[in-house]
Amino acid sequence: ALDLKADSAEVEEEVADINAALARKEDDDEFHPEDYNWPDIRPAARPNAIVLMAGVKADYSAYDNLGFVATCEGGYNVFIDGVQYGETYASGSQCSIIWSQYSATAGFSVSYPEALTAHIVQIVPAGKNDITAFRGARIAASGEENQGRLWIHFNLTNTISLQYLCARYNNFKNPLFVAITSNSKFIKVSNIEFMLGETTDLHASYSPCEFLPGFDLSESQSVMAAGAFNTNGVSVIRLKNGILPELNSAFANNTHLKKIELDNVTLSTNIGGFPYYDISNIFKNCEKLKKLPPIDMSGCYQFDNFITNCQSLKDFILDWGYANLLKHISFGGNSSAPIWALKGLLLSPCAPFDGTSPQIDVSYTGLDQNALASLFKSLPYNVGYSVTGSPTIQDGIVTNADSANSVMLPMFDFFSAESFDYVVKLKTGGSGGPNGTFTSFPMENTETDEKAMYGIYKYGDTLSLYGGFDAENNLIQTSIPFTANSALYVRWQKTSGHFKSSYSFDGSDWTTASDTTSTVMKNHTAIRITPDFSWTGSAVDLNGTYITVNGVPYFRGTAAMDKTINITGATGAAALTAEQLAIATDKGWTVTR
């Protein structure tokens, strides 16, 4: 006879066990295999070894393949349930296991996350060397391949690369994956790029890992984060000692992520030789994340969906006043996923925003009246330059400029830029007339106290082009033929470590004035143009003036550009006064709400 009371008690006990396991996960974030009725693979792990628990459907209809590649000087051996599989594998070669063709051991049964036959696979160095890289690999010739990894344990003390550990686009995936553990609280890594998933949307569900060790980044400056943490199960990510230089989609789709713990870690977007970054989707769908970690935004030029669907964020202010390369930003809030935590946003007035509409989207972020007014104040001017005094500017032509009435173009990091191309178009004016300089120079030069290191000097009918300093710290000057009332283009460039100056009368046929590899300019941090004196009839034509930094347009004269900021849903949007709105509109921005 069926004992319903007994069966009911067993069900209640199982439910209580599950609830206790969930509560424990919330409390200590440590992996407990007994919660899943799994054996603990850690006590029997061999020294310097990697241990996998892998599952396969009993009828081999799913998860039949398991492939991986290990890098280990002298090769590595593979043991399945304690029995050696194949011969010693050469370092960097692939081990391919097809469970339907394997019968040496029976494995054992597990019921979570579904009914499977599981095997314990140990990857062990053939000698005394360390495994320095380990990644997953597809076995089938084509198509996506479901592999049955359940748990990976690293019994290591050395540094290891975990690139493509558990998923790769259109290659292999592990929809059952639960945990990564280590014999220490932190595992030393040299690369974690695409560790859990290659793309934000396609692979967030492929490795739904719930448990991770901490990651020690100290052994390498090349550690990458793109796709490293694309999982929807982890609640805490712990990083220490190093730099993460690539943040695009780094933490996206972590629907359970509550906090990111950093110990001596820099989240930077401007190292490793890359001059600028797109960090779109970095925290997209981190709906439980309560606090943003600090990020170096100096090299960021674009991001979308920055904190889309991050409703649990606490009050925060973002100061990106130094992010001079920003082209487009979007916080991506919407009426169904508002983000009410943003209390202030400061932008660089020099950022070269592009023609995308809207260039700035802070919709449904809860910005109040004062925060919106402060944001409007920090918006770049539509034309991209600032004015000192009252020079005459008509149709992009600057006249009557002197030391008190000048135009200043956006500043950029002059020395650390990989490359720049800086062209100014002038009208020379009549012969004779006042002498003076048209200068374009770094704001400070602490080594030489020379301000006119890039510019044009006029003395009577003689023009001299300043082209920087040579290795002996001497100012490089080149005479330019003078033609009254004609166009003159002057150009300064940096390419492949060379600093070059040149001139042209038509903007296409250039004559080199100087070409140096001098590094005297290491303390120069920014460039501006300032017509110090007015030559009789002379002018600066901004229509033919432009700056390109690291291949990205930085200043484009007075080209018309519609610039839009969307503040829909901001709590203070409805209360903005005409005067507050005018702060933005006077700078050439259209405000939508």
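Located above this text is the structure these notes cover.
About the thresholds
- Residues numbered from 1 in each chain as written.
- Predicted model: local features only at pLDDT ≥ 70, side-chain atom pairs only at ≥ 80, totals over all residues.
- Heavy atoms only, no water.
- Core = buried A, V, L, I, M, F, W, Y, C linked by side-chain atoms within 4.5 Å.
- Buried < 20%, exposed > 50% of the residue type's maximum accessible area, 1.4 Å probe, protein only.
- Contact = heavy atoms within 4.5 Å.
- Salt bridge = Lys/Arg side-chain N within 4 Å of Asp/Glu carboxyl O.
- Helix = DSSP H or I, 4+ residues; strand = E, 2+ residues; numbered from the N terminus.
- Polar contact = N/O pair within 3.5 Å; in protein donor to acceptor, adjacent residues only side chain to side chain.

Draft legend 1. Examining the nonpolar core more closely. Core analysis: the biggest nonpolar cluster contains 98 residues, and Phe68, Phe215, Phe283 and Phe306 have the highest contact counts within it. Non-local contacts of Phe215, meaning those with residues more than four positions away in its chain, are made with Leu162, Phe186, Ile187, Val189, Ile192, Met195, Phe229, Arg238, Leu239 and Lys240. Counting 25 residues, the second-largest nonpolar core is a separate cluster that includes Val398, Ala417, Leu488 and Tyr503.

Draft legend 2. Highlighting the pattern of salt bridges. Following the criterion strictly, the structure yields seven salt bridges and no others. Lys57 is the salt-bridge partner of Glu114, the closest N and O atoms lying 2.8 Å from each other. Of this pair, Glu114 sits in the loop between strand S6 (108-110) and strand S7 (116-125) while Lys57 is found in the loop between strand S1 (49-56) and strand S2 (65-72), placing the two residues 57 residues apart along the sequence. Overall, Glu114 belongs to the partly exposed group, its relative accessible area being 22%. Close ionic contact of Asp541 with Lys425 constitutes a salt bridge, the shortest N to O distance being 3.3 Å. Highlighted residues: Asp541 in strand S38 (residues 539-549) and Lys425 in strand S29 (residues 420-427), separated in sequence by 116 residues. In the salt-bridge network here, residues are joined through shared partners; they are Arg238, Lys259 and Glu261.

Draft legend 3. Representation of the environment of Gly389 in the model. Mapping Gly389 onto the fold places it in the loop between strand S25 (386-388) and strand S26 (392-394). When its relative accessible area of 47% is taken as the criterion, Gly389 is described as partly exposed. Sequence separation of Gly389 and Val407 is 18 residues, and the distance between their C-alpha atoms is 8.7 Å. Beyond its immediate chain neighbours, meaning those up to four positions away, Gly389 contacts Ala404 and Asn405.

Draft legend 4. Spatial organisation of helix H3 (residues 369-377). For H3, every residue scored as buried is listed here: Ala371, Leu372, Ala373, Leu375 and Phe376. The inward-facing, buried residues of H3 contact strand S23 (342-347), strand S40 (563-566), helix H4 (578-585) and strand S41 (589-592).

Draft legend 5. Examining the environment of Thr545 more closely. Secondary-structure assignment places Thr545 in strand S38. Each C-alpha atom of the pair Thr545 and Gly396 lies 9.7 Å from the other, and the pair is 149 residues apart in sequence. At 3.2 Å, the side chain of Thr545 forms a polar contact with the backbone nitrogen of Lys425. Here the side chain of Thr545 touches Asp541 through a polar contact of 2.9 Å, landing on its backbone oxygen.

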